[in-house]
Amino acid sequence: MSLKERLQQDLKEALRNRDDVRRNTIRLLLTAIKNAEIEHGGELSDEQIVQLLQKQAKQRRDSIEQYRQGGREDLVAEESAELAIIEEYLPEQLSEDEIRAEALAQIEAVGATSPRDMGKVMGPLMAKLRGRADGALVQKVVRELLAERSAS
């Protein structure tokens, strides 16, 4: 079953269960997929759908941060509920320790020695971790590791 089919099945189940938050979130996701398919000119692969879902999840995270700063806990709760539903459809995310191990291996592979080598490390590393790790976290870890190397 493709990811899109799974979303459609889960929408039917949410309708039967009268789960308004899940229903609305899945409808938003299916609409985003439909719009992307129109823009793309055809069906999206599961990998493309995962990228789209990651973008949706990132938007929710950014909104949560903004609402927290604005003191709107009601909207934080709403966005958090949507984010939890979206994350059910995303691949398992790597932990910071797993990212650190991958980053160290990539730093060794390219021979990076200082923060100036960030670009040499990030490109191949993000290609390898795409869909399994948040880019901001990967960047933070790589920056820390390169700073440690240049200090020693």
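Residues numbered from 1 in each chain as written. Predicted model: local features only at pLDDT ≥ 70, side-chain atom pairs only at ≥ 80, totals over all residues. Heavy atoms only, no water.

(A) Here's a closer look at the overall build of the protein. Of regular secondary structure, the protein possesses 7 helices and 0 strands. In the protein, the succession of α and β elements from N to C terminus is α-α-α-α-α-α-α. Over its C-alpha atoms the protein spans a radius of gyration of 19 Å, topping by over 25% the 15 Å that the globule rule assigns to 152 residues. For the protein, the spread of C-alpha atoms along the principal axes amounts to about 60 × 40 × 25 Å. The buried share of the protein, reckoned over its 152 residues, is 36%. (Helix = DSSP H or I, 4+ residues; strand = E, 2+ residues; numbered from the N terminus. Rg over C-alpha atoms; globule rule 2.2 N^0.38 Å. Buried < 20%, exposed > 50% of the residue type's maximum accessible area, 1.4 Å probe, protein only.)

(B) Spotlight on the domain arrangement of the protein. By the assigned domains, the protein splits into domain 1 (3-88) and domain 2 (96-151). Here domain 1 and domain 2 have C-alpha centroids that lie 29 Å from each other. (Domains from an automatic or database assignment.)

(C) Just the layout of surface pockets, in detail. Computed from the structure, the largest pocket encloses a volume of approximately 380 Å³. Lining the largest pocket are 16 residues, with Gln54, Lys58, Ala133, Asp134 and Gly135 positioned closest to its centre. Elements supplying a minimum of two residues to the lining of the largest pocket: α3 (46-69) and α7 (135-151). Take the lining of the largest pocket: its biggest share by element is 7 residues, from α3. Tallied by class, the residues present in the lining of the largest pocket amount to 5 nonpolar, 5 polar and 6 charged. When residues of the lining of the largest pocket are assigned to domains, at least three fall in each of domain 1 (3-88) and domain 2 (96-151). (1 Å grid on protein atoms, 1.4 Å probe; cavity = no way out; pocket = protein on both sides within 12 Å on 5 of 7 lines; lining within 4 Å. Points joined across faces, edges and corners; volume = space filled by probe spheres on them. Nonpolar A, V, L, I, M, F, W, Y, C, P; charged D, E, K, R; others polar.)

(D) Molecular detail of the pattern of salt bridges. Summed over the entire model, instances satisfying the criterion amount to 16 salt bridges. Among the salt bridges present, the one from Glu37 reaches Lys4, with a minimum N-O distance of 3.0 Å. Taken together, the positions of Glu37 in helix α2 (residues 20-40) and Lys4 in helix α1 (residues 3-17) put the pair 33 residues apart, joining distant regions of the chain. Each of the two residues, Glu37 as well as Lys4, counts as buried. Two residues, Glu79 and Arg60, come together in a salt bridge whose shortest N-O distance is 3.6 Å. With a gap of 19 residues between them, Glu79 in helix α4 (residues 73-87) and Arg60 in helix α3 connect regions that are remote in the sequence. Pair check on accessibility: Glu79 and Arg60 agree, each one buried. (Salt bridge = Lys/Arg side-chain N within 4 Å of Asp/Glu carboxyl O.)

(E) Fine view of the nonpolar core. One finds Leu7, Ile26, Ile33, Leu53 and Tyr89 to be the most contacted residues of the largest nonpolar core, which totals 22 residues. Every residue in contact with Ile33, bar those within four places of it in the chain, is listed here: Lys4, Leu7, Leu44, Ile49 and Leu52. Counting 17 residues, the second largest nonpolar core, distinct from the first, contains Leu94, Ala103, Met118 and Leu125. (Core = buried A, V, L, I, M, F, W, Y, C linked by side-chain atoms within 4.5 Å. Contact = heavy atoms within 4.5 Å.)

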